[in-house]
Amino acid sequence: MTKRPIFASLLLLSSALVAPAALAQDTGAPAPDAPPVTTEAPATDAAAAQDDEQGDVSIPGGADQEIVVTGRFTPNVVRATPEVVSVLSSADIARTGEGDISGSLQRVTGLSVVGGGFVYVRGLGDRYSLALLNGSPLPSPEPLKRVVPLDIFPSNVIDSTLVQKSYSANFPGEFGGGVINLTTKAIPREPFLTLSGGIGWDSETTNQLGYTYYGGDTDWTGFDDGTRDVPSRLKAAFASGKPILEGADFTQDDLEAIQMELVNAETTLLQQNNHIPVNWSAGITGGTTIPFANGELGIIATAGISNKWRTRDTLQQTSVEKDLSGDPQSSFNRVVTDNRVVVNGLLGFGLEIGEHKLRWTNLYIRDTLKQARLAVGTDANQVGRDIMKQETAWYERQLINTQFVGEFHFDALKLDLRGGYANSQREAPYERGFTYVRTNLPTAQDPTGDKFVNDLGGNRGDATIAFSDLNEDLWSGGVDLSYELAPRITATVGYAYSDTHRTSVRRAFQFRASGLPVAVTQLRPDYLLSDATIQLYDIALVETSAQDGTAAFAADLTTHAGYAQVQAELVPSVNINAGVRYEDAKQTVVPIDLFNTGAGAIVATNLNNDYWLPAVTLTWEVAPDMQVRLNGSKTIARPQFRELVAQIYTDPDSNRNFRGNPSLTDSELWNAELRYEWYFAKDQRFTAAGFYKSIDKPIEAYTSLTDSIGNTSYANAPKATLYGVELEAQKYFALDTLSDSPFWVSRRLVLIGNYTFTKSEIKVGADDTTVINGVVQDASNFFFDGAPLTGQSDHLVNVQIGLEDQDKLSQQTLLITYASPRVTSRGPSGQPDLFEKPGIQIDFVARQGVTLLNKEIELKFEARNLTGRNYEEVQESGDNKIYFNRYKLGRTFSLSASLKF
C-alpha cells in the first residue's frame, strides 16, 4: 500500500495556536501517491542535539502516514507546540472506527462524552468546552444548548481534531475545560474517488420488537415529503397573534376545521414492528487538483447518508420521599424506538499561489430522528389506575456552514483572515401524545374494568400536539497579524467578532371533550380524533402554550475581542507563550410576547460584561527528550440561551421538564497546570499532568418534582474547585523477533492508555445565596457543600491494544473505556443527587486493506459494547433506589467497505 503524507495541519500546530484557522486550513485530504508535505517546523536546541541534522527528515506518523519536516528534527509534532494539546489525526480516528467524531474524542485523555454527543473536558460540563470548525465558532441546533453536539459530525467529513486544554489568548474566552477544533477535509494532492457502504446489527434492536409509525413516504431519507407541513388554517391562526381557543377570536367551527386539517393517522397511529431493520450507511468522496503557473486549485467533495435504528426498553421512576423509601411516586416501563438518519455533504475549494493560501469550505449536515414511544405504568396521583402513554415525534436538526480563510506570508510578516456564516435549525412538527387510563374497576359498560380509556380532558386520559421551531444564525470573522521580531521571537495581535441570533417558538395544544360515550373513549388514537368524532362530539382544540410570552424567545450574543501574544525563547531550552485577551460580550434573552398580553409579564435577561483574560505557558526542555510545561490563565463561561428563559421544555429521552432561570450570571475560572512530557522514542511518549481550577459562580442544574415529573432548572452555586491528574502513555513493540514469518516481519504491537483522576467540590457557606427568577434565596436550599460538579467522573480510563502492519493496511484494535459514576442533576427537595453510571465498555475494531482488480478496498469490522453494559441514571439512599432512567444499551456489530478508484 502506498504511504500517504499526513496533512500539513499536523505540522503547523504551533501556528494554529497563534491563529486557530491555521490548523483548520492546512489540511489535505488523503490521496494515493501524494508528494510529501514540506514546511518549516519549530525545534529546540535540545531536539536538535538529539538528532543534530538539518534538511528534510521523514517522520512516520502511523501505519500509513508520513511527515516530512524541513529544519531541525523534532521527534513529536505535539511536543513542538507552545500549549498543551492532543491531536486526533485521520489515522487515529480511523483506528477507533467510530462513525461520528464524538466517539473518537472520548478516547482522548481527560475527555468524556455525555448525552447526545456533548464533550466534557476534565469533568467540566459541555458549557465549559468550546467547539470550533476550521477555527470558526459553530451554532447549535439543540433547544437546551448553545454548544453544538459533536455526534452530528460524521467521521467522513472530519480530517483531524485538535484538543487544547491550556488556554491561550488567541482563543475565545469561553474556555473553561478546553477547545475542540474540528478540521474538515481540504485539498487533495492528486485526483481520487472513494465509494463506501456498510451494514450494522444491534442485539437489542435489529430483528427485535419495536414501535414506529407511518409518517411520510420519504422518511427513510431524513426528509419529510410534506406530510408534516403546518396546515394552512393552523398557519393562519399562528400568524393571528391570538391564543387558539374558543372565544372571541375562534369559534368551535373554526377549531374543528383546524383539527380536521391536521394529518391524523400517518402521524398518530403507533405500529408494532417485530423485525426492526438493519442499520446501513453509504458515502462517496472525491477530489482533484488543477495546477497552473505558480500555484494550484484543489477541489474536494463528499456526501454520505446513514440510517440507524435503536430500541430502548426503559424503566423511569420518581420518588417524593427524601430517603426514597416506599413505592415510587411514578414508575413506567417505556419502549422507545428511534430511527435516526444523518445526511451530510462537504464541498471545499483551495487555492495556493506561492506562499499564499485561500480556502472556501461549505458543510451541510442534516440529522433527523423519527421517534415512537409506548409506556405503561402507575402514578401515585391516580391510585389504583394503570396508565398507558404513547408518543410519536419527528425532530429535524440541520447545520449549514460556509467559511473563507486566507493565509498570506510576506517574509517575517504573516496575515490570517477568516470569516464565516453558519445556520442551524431544529424543527419538531406533529409531536403527538396520548394518555389512556385503566381504572381496574368494573362498570356497566366495562364489567371487567380492564379497558384503557381516554376521555379527552377528564381525569381519564388526554391528547396533545405541539409544533416547535428553532433557528440560529451565526456570523463570525477575525484577523491575525504575526511578525517575527527576531529569531525565535514572534509577536501576534488579533481581532475576533461573532454575532449569534436565535429564535425559538413552541406552540402546544390539547384536544378536549366532555361526555364522550365509553365506546368512543376506547377508540384507538386515529379514530378518537377522526373527522367524524371531532364533529359529532364537538371536540375542542385548546392552546396550552405559555401565554406570558415564554412560548417563544429571541436570544442574541455579540462578542468583540482583541488580543496580543508573544512566543519567544527566553533562554536556551526555555520558551514562553504569553498573551492577554480583552473580550466584550452582550448577551440578551427576551421572551416573545406572542399573544400581546403585555410586557409586564415578560422577564428578560441582559448581560453586558467585559473581561481581561491573561494566559501564560512556560515550556522548559529539561533534557533532549523531556520537557515540563507550566500554564496559568483566566477564562469564563456564559449561561446558555435556554437556561436564561423561563420556558418549559420537555426532553423526551429523560422524561424531564427543563425551565430556565433569567437571573443566571457568568462564571469566572482561574486555571493552572503543571505537566511533564517524556518522548522516549519516535511517536512514543509518557506524560503526567496535574491541574487545578477555581470557579466563581459555576452554573449547576437542580431538579424538582411537579405532578410526578422531574423538572430541571439552573442556578449559580457560590464557588467550586476542581483538581486532578492525568497520565498518558503510548508505546509500540516490534514483533519481527517473534518469527521469520512474513506475517510478523512488518507488524507491531500498539499500546495506548490514559487515566484521569478528577475531584471537584461545590463550596456553600452559611451566608451564601443564589438568585432564582429574581428572588434571592439561601444557596444551601439548592446545593450541598462538598458535592461534586454535575457531569464530573472521578475516574476516566481509556486503553487501546492493537496489532498493525507498518507496510500495508491491517489493524486489529481492542478499545476499553471506563468512566466512574457522575452527577447528572441535583436531587429534588433534599433528596440524593441523580447519578449516571457509565461503567466499562469494550469495543473491537478491525481494518484490512485488500486489492481486487487493481483497486484498493478497505474492509472494516466493528463490535461495540461487548460486555453488554446497561445505562443507568439512578438515585440511591442506603438500600433504596429510584431509577430515573434505565435500559440495556445492546451490543452492536457492523461491517463496511470502501473502494478507491
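Shown above is the structure to which this text applies.
Attention here is on the structure that accompanies the text. Since this is a predicted model, take the numbers as computed values, not measurements.

Below, the discussion takes up the overall build of the chain. The helix and strand tally for the chain stands at 12 helices and 46 strands. Split into buried and exposed, the 901 residues of the chain put 57% on the buried side. For the chain, the accessible area works out to roughly 34,000 Å², and carbon and sulfur atoms hold 57% of it.

Let us look at the sheet that holds strand β10 (residues 158-164). What the five strands build is an open sheet, ordered β5-β10-β11-β8-β9; its pairing is mixed. The open sheet has two edge strands with one neighbour each: β5 (85-88) and β9 (136-137). Looking at chain direction, β10 and strand β11 (residues 178-184) are connected through six bridges and run antiparallel. If you follow Val163 over to β11, its bridge partner there is Ile180.

Next up on the list: the pairing of strand β31 (residues 684-696). Sheet analysis places strand β30 (residues 667-681) next to β31, joined by 12 bridges and oriented antiparallel. Note on β31: the bridge partner recorded for Arg675 is Ala689. Turn length for the β30-β31 hairpin, with the two strands adjacent in sequence and antiparallel, is two residues, and the turn residue Asp683 shows positive phi of about 65°. When β31 meets strand β34 (residues 719-734), the two strands line up antiparallel, connected through 12 bridges. In the strand pairing of β34, Asp696 is matched with Lys719.

Okay, a nonpolar patch on the surface next. On the surface, a cluster of nonpolar side chains totalling about 490 Å² of accessible area is made up of Leu570, Val571, Val616, Leu618, Leu630 and Leu674. Those elements that provide at least two residues to the nonpolar patch are β24 (552-571) and β26 (605-623).

Attention shifts here to the environment of Glu352. Position of Glu352 among the secondary structure elements: in strand β17 (residues 330-353). Along the primary structure Glu352 and Leu297 are separated by 55 residues, whereas in three dimensions their C-alpha atoms are 6.6 Å apart. Discounting chain neighbours no more than four positions away, the residues touching Glu352 are Arg189, Phe292, Asn294, Gly295, Glu296, Lys357 and Arg359. Here Arg359 takes part through its side chain, which lies 2.8 Å from a polar atom of the side chain of Glu352.

A few words now on the nonpolar core. In terms of nonpolar packing, the biggest core is built from 26 residues, with Ile244, Leu456 and Phe511 touching the most fellow members. Looking at this core, the elements that each hand over two or more residues are α6 (232-239), α7 (252-261), β20 (413-438), β21 (462-486) and β22 (489-512). One finds Leu88, Ile93, Phe153 and Ile365 within the second-largest nonpolar core, a separate group that totals 21 residues.

Applying the stated rule across the entire model yields 42 salt bridges. The partner of Arg359 in a salt bridge is Glu352, and the shortest N-O contact between them spans 2.8 Å. A residue is classified by how much of its surface remains accessible, and Arg359, at 5% relative accessible area, is buried. Of the charged contacts, one joins Lys763 and Glu761 as a salt bridge, the two residues approaching to 3.1 Å between their closest N and O atoms. You can call Lys763 partly exposed: its relative accessible area is 35%. The class of Glu761 is partly exposed, set by a relative accessible area of 25%.

As a further point, take a negative patch on the surface. A grouping of Glu246, Asp253, Asp254 and Asp538 is seen on the molecular surface, where their side chains present a negatively charged patch. Tracing the backbone through its elements, the reader meets Glu246 in the loop between α6 and α7.

Under the criterion given, the structure shown has 15 aromatic pairs. The rings of Phe238, Tyr430, Phe467 and Phe509 are connected pair by pair, giving a single aromatic cluster. Lying over the aromatic face of Tyr527, Arg524 brings its terminal NZ or CZ to 4.2 Å of the ring centre. One Lys or Arg, Lys731, reaches over the ring of Phe733 and ends 5.3 Å from the middle of that ring.

Across the interface, α6 lies against α7 with an axial gap of 8 Å and an inter-helix angle of 125°. When the interaxial angle is binned, α6 and α7 end up oblique. Listed contacts from α7 to Ser232, Arg233, Leu234 and Ala237 of α6 are Ala257, Ile258 and Glu261. Split into classes, the residues belonging to the contact of α6 with α7 amount to four nonpolar, one polar and two charged.

This paragraph deals with α7. Since the α-helix packs 3.6 residues into each turn, any two residues three or four apart lie on the same face. Residues of α7 that are buried: Gln252, Leu255, Glu256, Ala257, Ile258 and Gln259. Tucked inside the fold, the buried residues of α7 contact α6, β22, α11 (531-536) and β23 (540-543).

Relative to the assigned elements, Asn362 resides in strand β18 (residues 356-379). Of note is the side chain of Asn362, whose polar atom sits 2.7 Å from the side chain of Thr402. Beyond its immediate chain neighbours, meaning those up to four positions away, Asn362 contacts Gly345, Leu346, Leu347, Asn401 and Thr402.

For Tyr755, the position within the fold is in strand β35 (residues 747-763). Exposure remark for Tyr755: the relative accessible area of 26% places this residue in the partly exposed category. A C-alpha to C-alpha distance of 7.3 Å links Tyr755 and His795, two positions 40 residues apart in sequence. Discounting residues that sit within four places of it in the chain, Tyr755 has contacts with Val725, Glu726, Leu727, His795, Leu796 and Val797. Separated by 2.7 Å, the side chains of Tyr755 and His795 make a polar contact.

As a rule of thumb, non-glycine residues mostly have phi less than zero, and peptide bonds are mostly trans rather than cis. Although it is not a glycine, Asn134 adopts a positive phi angle of roughly 55°. Residue placement: Asn134 occurs in the loop between β8 (129-133) and β9. For Asn134, a relative accessible area of 0% translates into the label buried. Of note in the backbone geometry, Leu456 takes a positive phi value of approximately 55° without being a glycine. Relative to the helices and strands, Leu456 resides in the loop between β20 and β21. The exposure class assigned to Leu456 is buried, which follows from its relative accessible area of 0%.

Turning our attention to the pairing of strand β45 (residues 880-888). Pairing of strand β44 (residues 870-877) with β45, which is carried by eight bridges, proceeds in the antiparallel orientation. When the sheet's bridge partners are listed, Glu876 is paired in β45 with Lys881. Here β44 hands over to β45 after two residues, with Gly878 in that stretch at a positive phi of 65°.

This next bit is on the environment of Ser482. Summarising the element assignment, Ser482 is placed in strand β21. Taking the C-alpha atoms as reference, Ser482 lies 8.1 Å from Ala412; in sequence the two are 70 residues apart. A polar side-chain atom of Ser482 sits 2.9 Å from a polar atom in the side chain of Thr492.

Reading the values: the criteria
- Residues numbered from 1 in each chain as written.
- Predicted model: local features only at pLDDT ≥ 70, side-chain atom pairs only at ≥ 80, totals over all residues.
- Heavy atoms only, no water.
- Helix = DSSP H or I, 4+ residues; strand = E, 2+ residues; numbered from the N terminus.
- Buried < 20%, exposed > 50% of the residue type's maximum accessible area, 1.4 Å probe, protein only.
- Areas by Shrake-Rupley, 256 points an atom, 1.4 Å probe, with all protein chains shown as cover.
- Pairing = 2+ DSSP bridges.
- Patch = residues over 30% accessible without salt bridge, like charges linked within 9 Å, V, L, I, M, F, W, Y side chains within 5 Å.
- Salt bridge = Lys/Arg side-chain N within 4 Å of Asp/Glu carboxyl O.
- Contact = heavy atoms within 4.5 Å.
- Polar contact = N/O pair within 3.5 Å; in protein donor to acceptor, adjacent residues only side chain to side chain.
- Core = buried A, V, L, I, M, F, W, Y, C linked by side-chain atoms within 4.5 Å.
- Lys, Arg positive; Asp, Glu negative; His and termini not counted.
- Charge placed at Lys NZ, Arg CZ, Asp CG, Glu CD.
- Phe/Tyr/Trp six-rings, centres within 6.5 Å; stacked < 30°, edge-to-face > 60°.
- Lys NZ or Arg CZ within 6 Å of the ring centre and 35° of its normal.
- Axes fitted to C-alpha atoms, helices over the stretch in contact; angles between N-to-C directions.
- Parallel < 35°, antiparallel > 145°, perpendicular 65-115°, else oblique.
- Nonpolar A, V, L, I, M, F, W, Y, C, P; charged D, E, K, R; others polar.

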